[in-house]
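Inside the fold
Each chain, written out:
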Amino acid sequence: MTLGNSSLKWRKNLVGVFYWREMQMDYFTRTRVKEINSGQKVDQEVIILGWARTKRVSKNVGFVEVNDGSSLHNAQIVFSPPGDFPELERIITGTSLRIVGKVVKVEGREQAYEVHADKLEIVGECLHDYPLQKKRHTFEFLREIAHLRPRTNTFGVVNRFRSKLSHCIHEYYQNRGFYYIHTPIITTSDCEGAGDLFQVTTLPLEELADQKKKLDMNEDFFGEKAYLTVSGQLEGELLCSALGDIYTFGPTFRAEQSYTTRHLSEFWMMEPEMAFCDLDEMIILIEDFLKHLISFSLENCEEEMAFFNRWIDKGRQKVLQSIIESDFAKITYTDAVKILEKANRDFEFPVGWGRDLQSEHERFLSEEYFKKPVFVTDYPRDIKAFYMRVNDDEKTVRAVDVLVPLVGEIVGGSQREERYDYLKNNMLQQGLDIEEYQWFLDIRKYGTVPHSGFGLGFERMIMYLSGMSNIRDVIPFPRFPRSAKF
RNA sequence: UCCCCGAUAGCUCAGUCGGUAGAGCAGGUGGCUGUUAACCACCGAGUCGCAGGUUCGAGUCCUGCUCGGGGAGCCA
């Protein structure tokens, strides 16, 4: 294989750790497009490694816009005269290139800097059936070519934003003394109260199906039924009982048959768990945390936010700005029901104390009544999970959901039941096997402390910040029923 | 799992009353211009999602299936 004019002579260096080529791609010495467009390299000779986005060639001058993933913006490469660069003819959108040239500051053009090319090499040709055009594609089409869609403007922006926001989350918690915990992906608890699970097995299913034999789970890999986790919370509680403040941030799996714009079968969730922290204290943290993510986006992701504001959801920036300047709304479930009952509104589903809030109810509260994020607390005990702390009224639990316009529930959390007897009773009432969860009960026996935690849906947060309306478009390779390609 | 909508060129779509297929973009060729979603001319490109039915005749009407989209439930 030939890569442009560079030969592929590899040699081992003296240390024996690195390999490099003599006529290499200049990985370490190339200049990123982002640096060129920020004016750091004016009048210097640079090497650019990237992909052609568009080409315009005439008799006296030609232009190729090159993107290398470092930013939304392309470098404009100028070829003058085009006849000196025969490789130009072979360039179409998608072709990978190595260009050597000089950075020049220009006036009165769309871009402030250009690169006047001295040398052009084609690294990899792009076949003519390349499905990505210079024009806009529908997100539906791009989902079908998820292997190529990262090369588009929107998905470039989304993926860079995802990376920055992940980093921001780690930084936020690390700066506050939280420890990052890796909770298990494989679990044997079959009822964490958060939905259907994917079973993990090494049993030869097709063979067994033919034999019509009764399954002996003792022969499976773990000697019992195992699943992919639906939450790191239970293990998180154990760690928080030792380290004080911890957080998890990893993939989470739900096997529900959900076909909506805000559900995935595999998504990323961030779950902090705080010892000696009650619900009201946690709510202060949640609001500070969410506002931090918003102001981080506005201040440190200008390129991304400007793109979202222009192409995805006009006015997004203004909405976010107004949210960090005001307080979140905060009501109890009981008051929320009263508001909904008085709303004089024909809801499809009835409103009533003891019934769970439906999507349309949540939407009404966050999008119309409060028009901003709202904490809803103290839900009826019967509709919430066994581990939530029971209030003195014995009817409600110290749960909290954060509802936001556009996305719905973005955070769900609670103060945990730290009293051994209460927790045990709840578990019995909900039909859980006490023996299987003895480890979870044990921390209530040995120096129990009030503690609280919540889960933030990472993709939903990205949706909220960006205005992207389908969760399948804020994760590189979405998994949902009947779809796990790429 | 339930309800609604859709599937026509590589992409985005049009296709009237049932009469055998069109545009823009992309690609090719040529031209032109410091161009910038460049522009102009010409060219090639289609088992109209699949299977069956009604009809002299189906992209168009009917049935089933597949796939895609939206909504509901479940939740983050």
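Let us look at the structure shown here. Predicted model only: the values in this text are computed from it and were never measured. (Residues numbered from 1 in each chain as written. Chains lettered and ligands numbered in written order. Predicted model: local features only at pLDDT ≥ 70, side-chain atom pairs only at ≥ 80, totals over all residues. Heavy atoms only, no water.)

Side note on the nonpolar core
If you look at soluble globular proteins, the nonpolar side chains tend to sit buried side by side. One finds Tyr 173, Phe 289, Phe 454, Leu 456 and Met 461 to be the most contacted residues of the largest nonpolar core, which totals 63 residues. Apart from residues lying up to four places away in sequence, Phe 289 is in contact with Ile 169, Tyr 172, Tyr 173, Met 270, Phe 454 and Leu 456. Counting 31 residues, the second-largest nonpolar core is a separate cluster that includes Val 374, Leu 403, Met 427 and Leu 432. (Core = buried A, V, L, I, M, F, W, Y, C linked by side-chain atoms within 4.5 Å. Buried < 20%, exposed > 50% of the residue type's maximum accessible area, 1.4 Å probe, protein only. Contact = heavy atoms within 4.5 Å.)

A closer look at a negative patch on the surface
Residues Glu 224, Asp 433, Glu 435 and Glu 436 make up a contiguous surface patch of negative charge. In this fold, Asp 433 is placed in the loop between helix H11 (420-429) and helix H12 (438-445). (Patch = residues over 30% accessible without salt bridge, like charges linked within 9 Å, V, L, I, M, F, W, Y side chains within 5 Å. Areas by Shrake-Rupley, 256 points an atom, 1.4 Å probe, with all protein chains shown as cover. Salt bridge = Lys/Arg side-chain N within 4 Å of Asp/Glu carboxyl O. Lys, Arg positive; Asp, Glu negative; His and termini not counted. Charge placed at Lys NZ, Arg CZ, Asp CG, Glu CD. Helix = DSSP H or I, 4+ residues; strand = E, 2+ residues; numbered from the N terminus.)

Some thoughts on the environment of Leu 127
Examined against the element boundaries, Leu 127 turns out to sit in the loop between strand E7 (113-124) and helix H2 (139-144). Each C-alpha atom, one on Leu 127 and one on Gly 94, is 8.5 Å from the other, the two residues being 33 residues apart in sequence.

Section: the protein's contact with RNA strand B
Within the structure, RNA strand B sits among 52 residues, and Ser 58, Glu 114, Arg 254, His 263 and Arg 460 are positioned closest to it. For RNA strand B, the backbone makes up 51% of the atoms found within 4 Å of the protein, where backbone means sugar plus phosphate. One nitrogen or oxygen atom from the main chain of Glu 409 is found 2.7 Å from a sugar or linking oxygen belonging to RNA strand B. Elements supplying a minimum of two residues to the surface near RNA strand B: strand E3 (45-57), strand E4 (62-67), E7, H2, strand E13 (266-275), helix H10 (359-369) and strand E17 (408-415). With 4 residues, the single largest contributor to the surface near RNA strand B is E17. By residue class, the composition of the surface near RNA strand B is 13 nonpolar, 20 polar and 19 charged. (Near = heavy atom within 4 Å. Polar contact = N/O pair within 3.5 Å; in protein donor to acceptor, adjacent residues only side chain to side chain. Nonpolar A, V, L, I, M, F, W, Y, C, P; charged D, E, K, R; others polar.)

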